Amino acid sequence: MSGIAEPSLPADTDADAATVRGRSERFRGGTLGPAGTVAAGVVALAVLAAVWPALLGGAHPLAVHPTQALQAPSWSSPFGTDESGRDVLARVVAGTRASLLVGVVATLVGGVVGVVLGVVAGLGGRLVDAVVGRVTEVAFALPLLLVALVVIAVTGPGPVPAMLAVGFATAPGYARIVRGLVRSARSSQVVETAVLLGRSPGRIVVRHVLPAALWPVVAVGTLGIGQAVVWASALSYLGVGTPPPAPEWGAMLADGRTYLLTAPWMSTFPGLAIVVLATAVTVLGRALRRTGALR
Amino acid sequence: MTDRRLPARPTDGRRSGAAAVAGRWSRWALRRAAGGIGVLWAVATIVFVAIRLIPGDPALAVLGGPGSQASADAVAQVRQDYGFDRPLLVQYAVFLGRLATGQLGDSYAFRTPVATLLGQQLPVTLTLAVAGLVVAWALAIVAAWCSTQRGRVAAALTSAISVTASVTPHFWLGSVLIVVFASALGWVPAVSDGSVRGWVLPVLTVAVPVAGYLAETVRDGVVDAQRSAFALAARGRGETRAGLFGRHLLRHAALPGIALSAWAFGSLVSGAVVVESVFALPGIGRALVTAVTQRDMPLVAGIALVSAAAYVVVLAVADLVERAVDPRGHGAGAR
């Protein structure tokens, strides 16, 4: 979190020409590091599972086999089966699409709303800044889950409301970061110099202030995807996200709660999937930030 | 924000040091209280608007939801009794007026005063959140020690664990802990029974994800502090490794984490909502889910206000702790 303020001014001044070249070189060199490479592999696998679930899942995620209910993991069904005899592996694989989509869309919603608020606060006058500051402070005072629950109560349950709910609930965090970055960029030497050189305000904002504020947010947002996946599955777990019997990790965990002690595999594997995907996205986000691809 | 204000009147200059400090403290408390009341007012307004935005007739929410077979007479009666037929602004004014006098009203769904419900359920959630915050800090400090003082392998391992911990969903962690420690090992009860042992798993569950965050923040701070001149100077004075860590590095590194604590507390409350459902704990979190889905406005408002008030208090406490810990200003008092 403290890394948010990392992009320093000297790096920004020579950024224009150097980054474009540097970025492609770094990617060719593949300097993600061992952890980053593994994370990239996991994310690639998740994207593959989201695009083409049948390739990895095998069985149909909704196919019911009452005679094979609550089977422990075996060769034919490596993650076991649930109370209706559905294959847990197939359902975990099929659930990747929902989770990945929610994570990315919710973060985009939160990021866009946050950036707009943050830029307005950072560039606006004292009054605008104070108003936006108050709004984000109040939003922080409300637990994220309460905000999400209220948004869902207004829109009705479902996957799209869950995306909006998590997005809106995370927006104040982004707004605060962007505001700080815009403010510090505004008072930076680069901008001071540009003002002295007589550049137009619009050009200064577009060329110097926004890039300095937006790239860190992209990095933070990459880390936020993991969180969004977790929160969206929490909503499903509480029964207000994706409704059953659709394969969704949080909903599967809620389902497995009844059989926690008799069939722990029903809860273990979907939960593991959430942790693995969220960790991979987070680690990849950091590795990308470190390489400079997402400063 | 150091108080550099010059004495406005000659008498100010003659005030004793204690009186001046007291004055600064009361100004600090006043500013905090005013800000807190502002936040609470805004939260009340948001809840009022949000609950009105939920589609459906509010009178039906009182009568047991849209599925209820209430007669038209009953609906009309409720509409009049609860003032739903009056203009929205009037309803808002009445709502705020009642809150200002401390009346939270009766829950639509439970038919009992919200204050009573909160009185029963709040201690559970607060215990969970406060104990969770303490445990999270303890874990974070241990993790920061391991990741900065115990060599590269320990650092890599701790870092991997904290990243994973920070994205572990509460509901899953809770289930895993139940299966391992309650079911397989039988060390602690799976469902909370009121004993101290019954609290171990729920508190651990809310604490671990937050500990992951705090650990990384504190670790970054310690790494920063290690490169600084004061660390070198302390080492030159012959400070031991543990002494350097505890007395110098940690004080510096804890600051961003303390500032994060208020946020972490909010996150703990969110986590408590989920964890209460996993461990069958009777806290406000579980009531909240039902309250929002049933449009139980008094209960939603009560819970939202209590959470917001708790946040405001934790923010103030975090501010105090930050001042006490900050190595740059010993006992500076209110700045």
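Residues numbered from 1 in each chain as written. Chains lettered and ligands numbered in written order. Predicted model: local features only at pLDDT ≥ 70, side-chain atom pairs only at ≥ 80, totals over all residues.

*Asks:* For the overall build of chain A, give the residues involved together with the corresponding values.
*Replies:* Scanning chain A from terminus to terminus reveals 12 helices and 0 strands. Taken from the N to the C terminus, the helices and strands of chain A come in the order α-α-α-α-α-α-α-α-α-α-α-α. Taken over 295 residues, chain A has a buried fraction of 51%. Long-range contacts, defined here as pairs at least 24 residues apart, represent 70% of the contacts in chain A between residues at least 6 apart. (Helix = DSSP H or I, 4+ residues; strand = E, 2+ residues; numbered from the N terminus. Buried ≥ 20, exposed ≤ 12 C-beta atoms within 10 Å, placed from the backbone. Contact = placed C-beta atoms within 7 Å.)

*Asks:* I'd like to hear about the overall build of chain B, residue by residue, with values.
*Replies:* Along the backbone of chain B there are 13 helices and 0 strands. Written out in order from the N terminus, the α and β elements of chain B read α-α-α-α-α-α-α-α-α-α-α-α-α. The principal-axis extents of the C-alpha atoms in chain B amount to approximately 85 × 70 × 30 Å.

*Asks:* Run through the nonpolar core, naming residues and quoting values.
*Replies:* The biggest cluster of nonpolar side chains holds 189 residues, and the ones touching the most others in it are Ala148(A), Val43(B) and Ala140(B). The residues contacting Ala148(A), other than those within four sequence positions of it, are Ala165(A), Val166(A), Ala169(A), Trp231(A) and Leu235(A). (Core = buried A, V, L, I, M, F, W, Y, C linked by C-beta atoms within 7 Å.)

*Asks:* Can you break down the confidence of the model for chain A residue by residue, with the values?
*Replies:* Residues and elements named next belong to chain A. Averaged over chain A, the pLDDT score is 77; the fraction of residues at 70 or greater is 87%. When mean pLDDT is compared element by element in chain A, helix 5 (residues 88–123) scores highest at 87, while helix 1 (residues 9–13) scores lowest at 36. Low pLDDT (under 50) marks residues 1–29, which in the prediction has 29 contacts with non-local residues, meaning those over four places away or in another chain. (pLDDT = per-residue confidence, 0-100.)

*Asks:* Account for the interface of chain B and chain A, naming residues and giving values.
*Replies:* Think of interface size as the accessible area that goes away when the parts come together; that is how it is often given. With 40 residues of chain B at the interface, the matching set in chain A holds 35 residues. Counting residues per element, the side of chain B that touches chain A draws most heavily on helix 11 (residues 241–279) of chain B, at 10 residues. Within the side of chain B that touches chain A, the residues separate by chemical class into 27 nonpolar, 12 polar and 1 charged. (Nonpolar A, V, L, I, M, F, W, Y, C, P; charged D, E, K, R; others polar.)

*Asks:* Explain the packing of helix 11 of chain B against helix 12 (residues 284–293) of chain B residue by residue, including any values.
*Replies:* Residue and element names in this part refer to chain B. As a packed pair, helix 11 and helix 12 sit with axes 7 Å apart at the nearest point and diverge in direction by 100 degrees. With respect to each other, helix 11 and helix 12 are oriented roughly perpendicular. Note on element contacts: helix 12 touches helix 11 through Gly285, Arg286, Leu288 and Val289, opposite Ala272, Val273, Glu276 and Ser277. Counted by class, the contact of helix 11 with helix 12 contains 4 nonpolar, 2 polar and 2 charged residues. (Axes fitted to C-alpha atoms, helices over the stretch in contact; angles between N-to-C directions. Parallel < 35°, antiparallel > 145°, perpendicular 65-115°, else oblique.)

*Asks:* Account for the environment of Glu248(A), naming residues and giving values.
*Replies:* Residue and element names in this part refer to chain A. Tracing the chain through its elements places glutamate 248 in the loop between helix 10 (201–237) and helix 11 (249–257). Between the C-alpha atom of glutamate 248 and that of leucine 70, which follows or precedes it by 178 residues, the distance is 18 Å. The residues touching glutamate 248, leaving out its near neighbours within four places in the chain, are Gly95, Ala98, Ser236, Gly241 and Thr242.

*Asks:* Describe the confidence of the model for chain B, and please don't skip the residues or the numbers.
*Replies:* Residues and elements named next belong to chain B. The predicted model of chain B has a mean per-residue pLDDT of 79, with 90% of residues at 70 or higher. Of all helices and strands in chain B, the one with the weakest mean pLDDT is helix 1 (residues 10–14) (46), whereas helix 6 (residues 114–149) scores best (87). A low-confidence stretch, residues 1–14 stays under pLDDT 50, and its non-local contacts, those more than four residues away or across chains, total 6 contacts.

*Asks:* Residue-level account of unusual backbone geometry, with values.
*Replies:* Phi at Ala280(B) takes a positive value of approximately 55 degrees, unusual for a residue other than glycine. Turning to its location among the elements, Ala280(B) is positioned in the loop between helix 11 and helix 12.

*Asks:* Which residues make up the packing of helix 5 of chain A against helix 8 (residues 159–186) of chain A, and what are the values?
*Replies:* Working note: a packed helix pair is described by the angle between its axes plus the distance between those axes. All names here are of chain A. Taken N-terminus to C-terminus, the directions of helix 5 and helix 8 make an angle of 35 degrees; their axes are 5 Å apart at the nearest point. When you trace helix 5 past helix 8, the crossing you get is right-handed. The residue makeup of the contact of helix 5 with helix 8, split by class, is 24 nonpolar, 8 polar and 3 charged. (Left-handed = near helix turned anticlockwise from the far one by under 90°.)

*Asks:* Report on helix 8 (residues 170–184) of chain B, specifying residues and quantitative values.
*Replies:* Residues and elements named next belong to chain B. For helix 8, built from 15 residues, the straight-helix expectation of 21 Å at 1.5 Å per residue is met to within 8% by its first-to-last C-alpha distance of 20 Å. The largest bend along helix 8 reaches roughly 30 degrees and is located at isoleucine 178. All of the buried residues in helix 8 are His170, Phe171, Trp172, Leu173, Gly174, Ser175, Leu177, Ile178 and Ala182. At the exit of helix 8 stands glycine 186, carrying a positive phi of roughly 65 degrees. (Expected span 1.5 Å × (residues − 1). Bend = angle between axes of the 7 residues up to and from the residue.)

*Asks:* Tell me about the environment of Gln77(B), residues and numbers included.
*Replies:* Positionally, Gln77(B) belongs in helix 4 (residues 72–81). Given 14 C-beta atoms within 10 Å, Gln77(B) falls into the partly exposed group.

*Asks:* So what about the environment of Leu238(A)? Which residues, and what values?
*Replies:* Following the sequence through the fold, Leu238(A) ends up in the loop between helix 10 and helix 11. The class for Leu238(A) is buried, based on 25 C-beta atoms found within 10 Å. C-alpha separation for the pair Leu238(A) and Ala251(A), spaced 13 residues apart in sequence, amounts to 8.0 Å. With residues near it in sequence (within four places) discarded, Leu238(A) still touches Val274(B), Ser277(B) and Val289(B).

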